[in-house]
Amino acid sequence: MSPKYEALLRNIMSPDSFGKLAALKNPWVTDFVGFFAEHCAPKSIYVCDDSEKDVQYVRDQALAKGEEERLANPAQTIHWDGYCDQGRDKNGTRFMVYKENLADMGALNTIEYEKGYAEIMDISRGIMKGKDAILQFFSEGPTESPFTIPCVQFTDSWYVAHSEFILYRSAYHHFLGMKEGEKSGFFRFIHSAGALDERNCTDNLDQRRIYMDTQNNIVYSMNNQYAGNSVGLKKHSMRLAINKAGKEGWLCEHMFIMAALDREKGRKTYFCGAYPSACGKTSTAMIPGEQIVGDDIAYFRNIGGEFRAVNVEFGMFGIIKDVNAKDDPLIFENLMKNQEVIFSNVLRGPDGKPYWLGMGVKTPEEGRNHFGRWRKGIKDDKGKDVPLAHGNARYTMRLDYLANIDKEGFEAKNGVKVEGILYGGRDSDTTVPVEESPNWKDGILLKAATLESETTSATLGAEGVRDASPMANMDFVSYPLGRYTLNNIAFGESVKDCPKIFSNNYFMRGPDGNFMTSKLAKKVWLHWAEGRIHGEYDTYDTPTGKIPRYADLKALFKKHLNEEFSEADYSYLFTFRCTKWIEKLERTKAFYAKADPNTPKEIFDYWDRAITRIKAARERFGDEIKPGVYKI
Ligand code: SPV
Ligand code: MN
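Computed from a predicted model, the values in this text were never measured in an experiment.

Another aspect to go through is the overall build of the protein. Each helix and strand in the protein was counted, giving 19 helices and 33 strands. The C-alpha atoms of the protein give a radius of gyration of 25 Å, which matches the 26 Å a tight globule of 632 residues would have. Expressed along its principal axes, the backbone C-alpha trace of the protein runs to roughly 80 × 55 × 50 Å. Looking at the protein as a whole, 60% of its 632 residues qualify as buried. Here the contacts in the protein between residues at least 6 apart in sequence split such that 73% fall between residues at least 24 apart. Approximately 24500 Å² of the protein is accessible, and the part contributed by carbon and sulfur atoms is 50%. Here the protein holds 85 positive side-chain charges and 89 negative ones, and the gap between their average locations is 1 Å.

Looking now at the coordination of the manganese ion (ligand 2). At 2.2 to 2.3 Å from the manganese ion (ligand 2) lie its protein donor atoms, namely K235 (NZ), H254 (NE2) and D296 (OD). Sequence spacing of the donors to the manganese ion (ligand 2): K-x18-H-x41-D. With K235 in helix α9 (residues 232–248) and D296 in the loop between β15 (291–294) and β16 (298–303), the pair connects residues that are 61 residues apart, well separated along the chain.

As a further point, take the packing of helix α15 (residues 522–533) against helix α16 (residues 550–561). One can describe the packing of α15 onto α16 by two numbers: an axis separation of 9 Å at closest approach and a directional angle of 120°. In terms of their interaxial angle, α15 and α16 are classed as oblique. Between α15 and α16 lies a crossing whose hand is right-handed. Across the interface between the two elements, K523, V524, W525, H527 and W528 from α15 touch L553, L556, F557, H560 and L561 from α16. Among the residues making up the contact of α15 with α16, the classes are represented as seven nonpolar, two polar and one charged.

Attention now goes to the site of ligand 1. Around ligand 1, the neighbouring residues are R88, Y226, G228, K234, K235, H254, D296, F317 and R394. K235 places a polar side-chain atom, nitrogen or oxygen, 2.7 Å from an oxygen atom of ligand 1. The side chain of H254 places a nitrogen or oxygen atom 3.2 Å from an oxygen atom of ligand 1. Against a free-state accessible area of 280 Å², the protein chains account for coverage of 86% of ligand 1.

In this section: the sheet that holds strand β19 (residues 341–344). Where strands meet in a sheet, backbone hydrogen bonds hold them as pairs that are either parallel or antiparallel. Taken in spatial order, the five strands make up an open sheet running β2-β3-β19-β24-β18, and their pairing is mixed. Each end of this open sheet is capped by a strand with a single partner; those strands are β2 (69–70) and β18 (315–319).

Here we take up the nonpolar core. By size, the foremost hydrophobic cluster in this structure holds 97 residues, and its most contacted members are Y299, F300, I421, Y423 and W607. The element that contributes the greatest number of residues to this core is helix α19 (residues 601–621), accounting for eight residues. Here this core spans two domains, since at least three of its residues come from each of domain 1 (3–248) and domain 2 (253–315 + 408–625). For Y423, the residues in contact, after removing those within four places along its chain, are M255, A274, I444, K447, A448, L451, M471, N488, I501, F502, S503 and N504.

As a further point, take the pattern of salt bridges. Evaluated as defined, the whole model comprises 53 salt bridges. Measuring nitrogen to oxygen at the nearest pair gives 3.6 Å for the salt bridge that ties D16 to K20. Linking D16 with K20, this pair stays in helix α2 (residues 15–23), spanning four residues, or about one helical turn. Taking relative accessible area as the criterion, K20 reaches 8% and is therefore assigned buried. Put simply, K234, K235, K281, D296 and E313 are held in one network by salt bridges that share partners.

Attention now moves to the domain arrangement of the protein. Here the protein is described as being made up of domain 1 (3–248), domain 2 (253–315 + 408–625) and domain 3 (317–399). Distance from the C-alpha centre of domain 1 to the C-alpha centre of domain 3: 27 Å. Facing 28 residues of domain 1, the contacting portion of domain 3 comprises 33 residues. Buried surface at the junction of domain 1 and domain 3, both sides included, amounts to about 2500 Å², of which 51% is carbon and sulfur.

The buried fraction of strand β9 (residues 187–192) is high, at six of six residues. Side chains F187, F189 and H191 project from β9 onto one buried face, and the interleaved R188, I190 and S192 project onto a second face that is buried too. Looking at chain direction, strand β7 (residues 149–155) and β9 are connected through five bridges and run parallel. The partner of V152 across the bridge, within β9, is R188. Bridging between β9 and strand β11 (residues 218–222) involves five bridges; their strand directions are parallel. Paired with H191 across the strands is S221, a residue of β11.

Helix length check: helix α5 (residues 113–124) (12 residues) gives 16 Å between terminal C-alpha atoms against 16 Å at 1.5 Å per residue, within 8%. The complete set of buried residues in α5 reads Y113, G116, I120, M121, I123 and S124. Seen end-on, α5 carries its buried residues on one side only, within an arc spanning 160°. Along α5, exposed side chains directed more than 90 degrees from the buried face belong to E114, K115 and D122. Residues of α5 that are buried make contact with α3 (27–40), β4 (93–97), β5 (110–112), β10 (209–213) and β11. Backbone geometry just after α5 places G126 at a positive phi near 70°.

Calculation rules
Residues numbered from 1 in each chain as written. Chains lettered and ligands numbered in written order. Predicted model: local features only at pLDDT ≥ 70, side-chain atom pairs only at ≥ 80, totals over all residues. Heavy atoms only, no water. Helix = DSSP H or I, 4+ residues; strand = E, 2+ residues; numbered from the N terminus. Rg over C-alpha atoms; globule rule 2.2 N^0.38 Å. Buried < 20%, exposed > 50% of the residue type's maximum accessible area, 1.4 Å probe, protein only. Contact = heavy atoms within 4.5 Å. Areas by Shrake-Rupley, 256 points an atom, 1.4 Å probe, with all protein chains shown as cover. Lys, Arg positive; Asp, Glu negative; His and termini not counted. Charge placed at Lys NZ, Arg CZ, Asp CG, Glu CD. Donors = N, O, S within 2.8 Å, 3.2 Å for Na, K, Ca; no water. Axes fitted to C-alpha atoms, helices over the stretch in contact; angles between N-to-C directions. Parallel < 35°, antiparallel > 145°, perpendicular 65-115°, else oblique. Left-handed = near helix turned anticlockwise from the far one by under 90°. Nonpolar A, V, L, I, M, F, W, Y, C, P; charged D, E, K, R; others polar. Near = heavy atom within 4 Å. Polar contact = N/O pair within 3.5 Å; in protein donor to acceptor, adjacent residues only side chain to side chain. Pairing = 2+ DSSP bridges. Core = buried A, V, L, I, M, F, W, Y, C linked by side-chain atoms within 4.5 Å. Domains from an automatic or database assignment. Salt bridge = Lys/Arg side-chain N within 4 Å of Asp/Glu carboxyl O. Buried area = accessible area lost by both parts, 1.4 Å probe. Expected span 1.5 Å × (residues − 1). Arc of directions from axis to C-beta.

Shown next as structure tokens:
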């Protein structure tokens, strides 16, 4: 061990913890820990290995330190983040970029490296004073696999450490086995919740900063607790991985992984899917009768010429709002059991049970929540009604509690072979419920890059405004969008059988303004895509891809949902709307031009050609082209 930090670390670690660190014989780990032990000045550091004893110690400390409380089901706990720390801090999250590279970064939220480093060092100096910190070792993706990215988390939050033990695979053994030459290759995360108030919530939110250094694979996260801000392995690691993937020629995507099952034909077909928030991502991953592998982040690699994917995570940090016995029975049932779940930012009722919005049960009139003591009708200091739980309240739970987990895919060291990719947006009047892309490149440029989500009456601001959301990944893409888009194209084209790409839109409205199909119709669109992958069903061409024929959908509605699907509804839903599509492509172009002014011209030229094609179609067939009418 480097003598520089040895005395300090021996002094603040138990012999057991020090022994675990020393056994790694990894000077990069020791330097990282030693540097921040000195700089952040915790009272002690507990070093975790992969043992159940250490997981239990972290659980116990989260309770003992008041970061979590036990609920009526004793295996369940509740944690609250500060009233203003209830979501990702987009403004305070910045990439620290060397001066010479700053001009290339487009609209990414950046700070000049030296300035950012000085600021974060200032904020974090002595920030752990008087606190007990934790050091953990994890793997993104399965351990000992071609996907593995080893990670070290150093934090003073036992809630964060507890969440990470649920959400990721502990990998101390992986670090023990690292060979010389690979020992420096790990992601580093340093986090402090900072000074805490009487409710154990971060006090100095004005000093909340998340600074990312993709050049050295380290993220500094200070003065926050909300897991999207604090948990290094989740969205911080994702940004580092996207950058690394861009340099190395693989992909890290904001996607679920699931298996669509055709039991009669004995087929299991893996799909990944990206949907902007509130566009149906989790509900697609959880379609009844299918299987789930992951719900949020996937790595894609070319393994032996195949397009293979792993779920980076081991657990889920899911939105709890609207999880109820009717709409989300599998998740709801698990949240009701006496098994390990951390509820965050929900109400703790007088009966010691958790309650949330859209739970589908009678909820108490008082209790404690993210606001503190709560009773119905209470207002915050801005005069705003405080709901019983926050709309972004969450549950943190192992994924393998779910009865619909695909165990085989979840554990597979080489990942699963992906055959279909779904890109789902939300619009009331443009894209059809499901459309196949003729090839990979068209799929990336017409389905993935054009993803948008439309604001609804449930969100703040004007209704019907479309937010661009290429690949549903804009919050995490950590290098210029044009290059990222080209890498997406190049990756798919580098594998032998690249997956088919499909678009989804579950939110088309009929002439009366209502949704035209039930929430369950997504199962039909999925099974049509599944059939297409296996060479079934004829299609009709459109200027952007291939759509289903009526008879096939009619049969699928009957088979999967026992529902009648009318030809009139089909004809309305699958109409190609030329002007709407041209407007969509113009919005995409404008978004790219702003997000990354260096986006290669070939991408804009591609969209211009698509616009010309659609204009020609409009001339020949009219603005609204019914299915089957368009001819190439
Ligand atoms: C998301 O917002 O995409 C999430 C939750 O998955 S967070 O951890 O906040 O990123
Ligand atoms: Mn996410």
